[in-house]
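Now for the letters of each chain:
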Amino acid sequence: MSPTDAPIRTALIGYGFAGKTFHVPLLHATEGLALTHVVSSRPDAVHADLPDVVVVPDVDALLARHDVDLVVIAAPNDQHTPLARAALRAGRHVVVDKPFTLSLAEARELRDLAAETGRVLRVFQNRRFDSDFLGIAELVRSGRLGNVVHLESRIDRFRPTVRDRWREAAVPGGGIWFDLGPHLVDQALLLFGVPERVDADLAALRPGAPVEDWAHCVLQYPGRRVVLQASMLVAGGSPRFAVHGTRGSAVKELPDQQEAQLRAGLLPGDEAWGVDPDPILLHDGEGNIERVPAPTGAQQRSYTGVRDAILGRPSGDAATPDQAVAVMAVLEAAVASAREGRAVEPALTAAERAAYPGVSPAPTAARSPAVPNMRGPSKRDSRSAAAASCVEGATIVRTSPIANVTALLVCTVLNTWVNQRFTFDAAGHSGGKAAHVQSLAILAVTLAVTTGALALEHHLWPNAGTFWDTVTVTIGNAIATVADGGWPRLRSAPSREPPPVASSSPHRTARGTRIARTCSGVRWSI
């Protein structure tokens, strides 16, 4: 944060378990945010912990003040929408604890109101930065598991006695699904996007439970199933994550430790903060088990993302209103599924589905292992690595067969044409300016045809990702191809001696193989 940036004056509404345990320490850990006000009916309890804050009795008194920039809502679930609505209309930025709202209609209302007022609206999804999820997400993105076909994610408690609190009462927003479901759904959508259908079962299993305390939800994707589960009657023995793919499986037994650390008084910035000693077990299918260290948890990133959004800095850390709408649609679909006994499609538009593009395995995961370079990196290796890094940072999109088949056909035809049309000298260079111009034409045709296919795909399969995402990936592949030396390049002094033209020419064969390999490695996956 710049020294010239004034701290963002922040008010917390609600000083119960969530406000005191999560929001206060994470706000204090975020440079650029200053907790200045708390809305509470218990000023003595607040001042015992936070002697310097101003305690106000109600929201009206808070919004009448002119020294508050950001309002954090950690009140009971049924108060989220009216409080957020009032704060936005008063010109304040807003953070809402999960669940965002109690209905999809309310979620859309708040999203649109934030856009209308020009205020930042974010949802507190701190478990995006749990060590267990960060580790599993990295394995999924890396491609080490191959194509993930089955993931199980669960958050369990062991509380056999029903407690007298609103989270376990038959009130709007009560029950385990609206309590823990938003975390499970958000994490799943970050990995795989919005599912086609939701099939859920909700039940009250504890004696005397007035609302569901057990949830089992299956997110249905083409060729993939994601199982989300939460229970108040699990004493142990169930892994936090189990992920199975075409190349192996990963199991994370124990959950992230940050909630336990906050309860024990450990704070962000302390030496052991976020450290998770429980590794992820990676099974390769041949009896080998690799212990992959879990990353360090960082729930404080929830608020750095809010700060950056208010300051106009790019950040994808905090959950956006569009993402909150998608989560709410899945939560609602699960409730409807449990009530009607059938799988339900989330009621989202194509644009709303695009809020969660999801991720897919890295393309190198499906390629054959490269022969080690015993000579060290060359300039070409460096260019290829830079291009790969550029493409790796692009949004990964799930595409339909049209783009995949079109790209494959175009690359195959061009590869054959190049091998027949061009020959190369002993250094692997083409014969001159004409070949260079023709090569550029080939590249332009490839981009035009593939981009056209992607445009058609976006029209037919709008949930495959945004059109510009797919164009970005297409151009990225072209850049990687050029960096890898897959296209002929102009020489300043082309050789006057004609290169060999026999089909057995090692230079032409090597160059053609490189072109085919690059074309077959496009970053699209069905």
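1. Section: the pattern of salt bridges
Next, step 1: Per the stated rule, a full pass over the model turns up 31 salt bridges.
Next, step 2: Asp278 is paired through a salt bridge with Lys252; the nearest N and O atoms lie 2.9 Å apart. One end of the pair, Asp278, is in the loop between helix 8 (258–263) and strand 13 (280–283); the other, Lys252, is in strand 12 (residues 249–252), and 26 residues separate them in sequence.
Next, step 3: Classification of Asp278 as buried rests on a relative accessible area of 14%.
Next, step 4: In this structure Lys252 comes out as buried when scored by relative accessible area, which is 0%.

2. Focus on the nonpolar core
Nonpolar side chains in soluble globular proteins generally cluster together in the buried interior.
Next, step 1: Residues Ile73, Val140, Leu189 and Leu219 are the most contacted members of the largest nonpolar core, which totals 77 residues.
Next, step 2: It is helix 10 (residues 321–340) that contributes the most residues to this core, 11 residues altogether.
Next, step 3: One finds Phe22, Leu35, Val120 and Val306 within the second-largest nonpolar core, a separate group that totals 27 residues.

3. A closer look at the packing of helix 7 (residues 176–192) against helix 10
Next, step 1: Where helix 7 contacts helix 10, the axes come no closer than 9 Å and their chain directions differ by 120°. Taken together, the axes of helix 7 and helix 10 are oblique relative to one another. The hand of the helix 7/helix 10 crossing is right-handed. Across the interface between the two elements, Trp177, Phe178, Gly181, Pro182, Val185, Asp186 and Leu189 from helix 7 touch Ala326, Val327, Met328, Val330, Leu331, Ala334 and Val335 from helix 10.
Next, step 2: Here the contact of helix 7 with helix 10 is built from residues that sort into 12 nonpolar, 1 polar and 1 charged.

4. Section: the confidence of the model for the protein
One rule of thumb: low pLDDT means the predicted coordinates there are not for detailed reading.
Next, step 1: Here the protein shows a mean pLDDT of 79. Residues at 70 or above account for 69%.
Next, step 2: Low pLDDT (under 50) marks residues 360–400, which in the prediction has 66 contacts with non-local residues, meaning those over four places away or in another chain.
Next, step 3: Low confidence marks residues 476–526, where pLDDT is under 50. Its contacts with residues over four positions away, or in another chain, come to 107 contacts.

The rules behind these values
Residues numbered from 1 in each chain as written. Predicted model: local features only at pLDDT ≥ 70, side-chain atom pairs only at ≥ 80, totals over all residues. Heavy atoms only, no water. Salt bridge = Lys/Arg side-chain N within 4 Å of Asp/Glu carboxyl O. Helix = DSSP H or I, 4+ residues; strand = E, 2+ residues; numbered from the N terminus. Buried < 20%, exposed > 50% of the residue type's maximum accessible area, 1.4 Å probe, protein only. Core = buried A, V, L, I, M, F, W, Y, C linked by side-chain atoms within 4.5 Å. Axes fitted to C-alpha atoms, helices over the stretch in contact; angles between N-to-C directions. Parallel < 35°, antiparallel > 145°, perpendicular 65-115°, else oblique. Left-handed = near helix turned anticlockwise from the far one by under 90°. Contact = heavy atoms within 4.5 Å. Nonpolar A, V, L, I, M, F, W, Y, C, P; charged D, E, K, R; others polar. pLDDT = per-residue confidence, 0-100.

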